[in-house]
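Observations on chain architecture
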Amino acid sequence: MLQPALPAAGHQTPGLTLSGIRKEYAGITALHAIDFEAKNGEFIVILGPSGCGKSTLLRVIAGLEDIQGGTITINGKEVTHQAPRNRDCAMVFQSYALYPHLSVADNIGYPLRIAGVARSERRRLVEETARIVDLLPYLDRKPANLSGGQRQRVAMARAIIRRPALFLFDEPLSNLDARLRVIMRAEIRQLQERLKVTAIFVTHDQVEAMTMADRIIVMRAGKIEQVGTPSDIYERPASRYVAEFVGGQPMSFLQGEITATGDAVVLSNQARIPLVEPMLLAAGTRVDVGLRAEAVQLHLAPGPRTFSARFRFSEYLGAAKIHHSTVDEVAVLSFDSTCGDIRDPNVHLEIEGSKIHLFDRESGVRLN
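Residues numbered from 1 in each chain as written. Predicted model: local features only at pLDDT ≥ 70, side-chain atom pairs only at ≥ 80, totals over all residues. Heavy atoms only, no water.

For the rest of this paragraph, the subject is the overall build of the protein. On a plain count of helices and strands, the protein comes out with eight helices and 20 strands. Each principal axis of the C-alpha distribution contributes one length, and for the protein these read about 80 × 45 × 45 Å. In the protein, which comprises 368 residues, the proportion classed as buried is 50%. At a minimum sequence separation of 6, the contacts of the protein that also span at least 24 residues come to 67%. Charged side chains of the protein number 43 positive and 41 negative; the gap between the two group centres comes to 8 Å. (Helix = DSSP H or I, 4+ residues; strand = E, 2+ residues; numbered from the N terminus. Buried < 20%, exposed > 50% of the residue type's maximum accessible area, 1.4 Å probe, protein only. Contact = heavy atoms within 4.5 Å. Lys, Arg positive; Asp, Glu negative; His and termini not counted. Charge placed at Lys NZ, Arg CZ, Asp CG, Glu CD.)

Set out below in structure tokens:
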């Protein structure tokens, strides 16, 4: 069975180390002193919107872009100024980058052909690799006669056959339909776990990041905004930027101020939200109160801890509904499985203090 070279037992060499990586284009800084370390065999997802620098960072790791500062180390070997072919990494592109005139077998075996591997050995490794990604019946076909998912498997097989120390994925699923993306997410992750190879996966899709990653790097304007597990990123976003970007439903933000005792937040509509732990902040500190739908309960009648809101519409999700309401013209979402159809637009919301996120109004940095 084809296996990559693995470090000796007990060896703790990181799969990838980036130290002070700086990249400029015509005097404009695209990457600002990036520092990061991936464990050997870890699946890292770089997440962010278009233009944040995530694909630039991936190309820098692959050696496709020069840098103006910093060092890159792969499996304990510094490769900062090495050519791409000498970096012991393999890249899977968004466009698959297959040769249309070559068969599946020849596409998979192309890196070995360039390396001068004998034809008989090349064929053995191609068949072995094709078996791993379930492509054995398609070795004689041309890419034009394959589905999108099969083409993606060919691209992955071509990367695998090199036995790299590092897999690099540049938004490989963006050209697939929604159903196939779900299937390929699982296949890529299972394959990576099976091969025990460090992987860096770039995407703008936070669902891909949350479902695939061991850890996520959230990027903003060429800088790392936060690094953490999917649960860290979702449950304790380091900034309002991360909170807005990550989550199946958008986070709502209401303005408020910390009370003199620090044990509650008073919203602009004078609603008071008790805090689980007092905040060591000056009285009147202005904050943005971040609310995910699971932190908000909608009631048809007022209660001791509710405040008024205006109901707009509901989204049916099968097991539950998401209700869209407004508070001072700000959209606030809430999950519900009991209220049924809502006919009166005058509703009442209750916020669970243990589930709110507090951000500094000026800097956007997390406070609680």
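The next point concerns the environment of Gln206. Relative to the elements of secondary structure, Gln206 occurs in helix H6 (residues 206-212). C-alpha of Gln206 to C-alpha of Pro49: the two residues are 157 residues apart in sequence and 9.7 Å apart in space.

Direction vectors running N to C along helix H2 (residues 104-114) and helix H3 (residues 119-132) enclose 125 degrees, while the axes themselves pass 9 Å from each other. On the basis of their axis angle, the class for H2 and H3 is oblique. As H2 runs across H3, the sense of the crossing is right-handed. Residues Ala105, Ile108, Gly109, Leu112 and Arg113 of H2 form the contact with H3, whose own contacting residues are Arg122, Leu125, Val126, Thr129 and Ala130. Each residue belonging to the contact of H2 with H3 can be placed in one class, and the counts come to six nonpolar, two polar and two charged. (Axes fitted to C-alpha atoms, helices over the stretch in contact; angles between N-to-C directions. Parallel < 35°, antiparallel > 145°, perpendicular 65-115°, else oblique. Left-handed = near helix turned anticlockwise from the far one by under 90°. Nonpolar A, V, L, I, M, F, W, Y, C, P; charged D, E, K, R; others polar.)

On to H3. An ideal rise of 1.5 Å per residue puts 20 Å on 14 residues; H3 measures up with 20 Å between its terminal C-alpha atoms. Along H3, the positions that sit buried rather than exposed are Arg122, Leu125, Val126, Glu128, Thr129, Ala130 and Ile132. Where H3 is buried, its residues contact H2, helix H4 (148-160) and helix H5 (178-195). Phi turns positive one or two residues past the end of H3, at Asp134, with a value near 60 degrees. (Expected span 1.5 Å × (residues − 1).)

Nothing here speaks to function; it is geometry throughout.
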